[in-house]
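Geometric and topological summary
Chain by chain, the residues:
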Amino acid sequence: MTLFRPTRSRDTTTRVDLAPLRVRPCRDLCSWHRTPVERRGEAMFACRGCGSQWVPGEHWTPRDRDGAVPPDILAIRRAEAPEDADP
């Protein structure tokens, strides 16, 4: 009996740092959470509703279904803001 073990070629394995982020149209299910994955040294967040992904280097800010920015993401954005900026 032959034991079949699927193998992955290094050429076909996609590295997280090189793969494009998934960005899909928002839906009324959006719920953003930090993932255990880092992309180019940045924390990666993913939406459990629409499947989009986000890292702090993106020029947009994700929002949950109620329109609020999740606390972890809000803390990142506040830390990036210049100290002399108006709130």
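None of the values given here were measured: they were computed from a predicted structure. (Residues numbered from 1 in each chain as written. Predicted model: local features only at pLDDT ≥ 70, side-chain atom pairs only at ≥ 80, totals over all residues. Heavy atoms only, no water.)

Describing the packing of aromatic side chains
In total, this model carries two aromatic pairs according to the counting rule given. Aromatic side chains Trp32 and Trp60 sit 5.9 Å apart centroid to centroid with 65° between the ring planes, which places their arrangement in the edge-to-face category. Of the two residues, Trp32 sits in strand β1 (residues 32-39) while Trp60 sits in the loop between β3 (53-54) and α1 (71-80), which places them 28 residues apart along the sequence. (Phe/Tyr/Trp six-rings, centres within 6.5 Å; stacked < 30°, edge-to-face > 60°. Helix = DSSP H or I, 4+ residues; strand = E, 2+ residues; numbered from the N terminus.)

Some remarks on unusual backbone geometry
Positive phi, normally seen in glycine, also occurs at Arg40, with a value near 50°. Here Arg40 lies in the loop between β1 and β2 (42-47). Taking the relative accessible area as the measure of exposure, Arg40 reaches 56% and is therefore exposed. (Buried < 20%, exposed > 50% of the residue type's maximum accessible area, 1.4 Å probe, protein only.)

Focus on the sheet that holds β3
In space, the three strands of this open sheet follow the order β1-β2-β3, with antiparallel pairing throughout. Of all strands in the sheet, those with a lone pairing partner are β1 and β3, marking the two edges. Across five bridges, the pairing between β1 and β2 is antiparallel. Each residue of the ladder has a partner; that of Arg34, found in β2, is Phe45. (Pairing = 2+ DSSP bridges.)

Topic: the pattern of salt bridges
As enumerated under the stated definition, the model contains one salt bridge in all. One salt bridge in this structure joins Glu80 and Arg77, with 2.8 Å as the shortest N-O distance. Linking Glu80 with Arg77, this pair stays in helix α1, spanning three residues, or about one helical turn. Overall, the relative accessible area of 43% leaves Glu80 in the partly exposed class. (Salt bridge = Lys/Arg side-chain N within 4 Å of Asp/Glu carboxyl O.)

Topic: the environment of Phe45
Following the sequence through the fold, Phe45 ends up in strand β2. For Phe45, a relative accessible area of 2% gives the class buried. Along the primary structure Phe45 and His33 are separated by twelve residues, whereas in three dimensions their C-alpha atoms are 5.4 Å apart.

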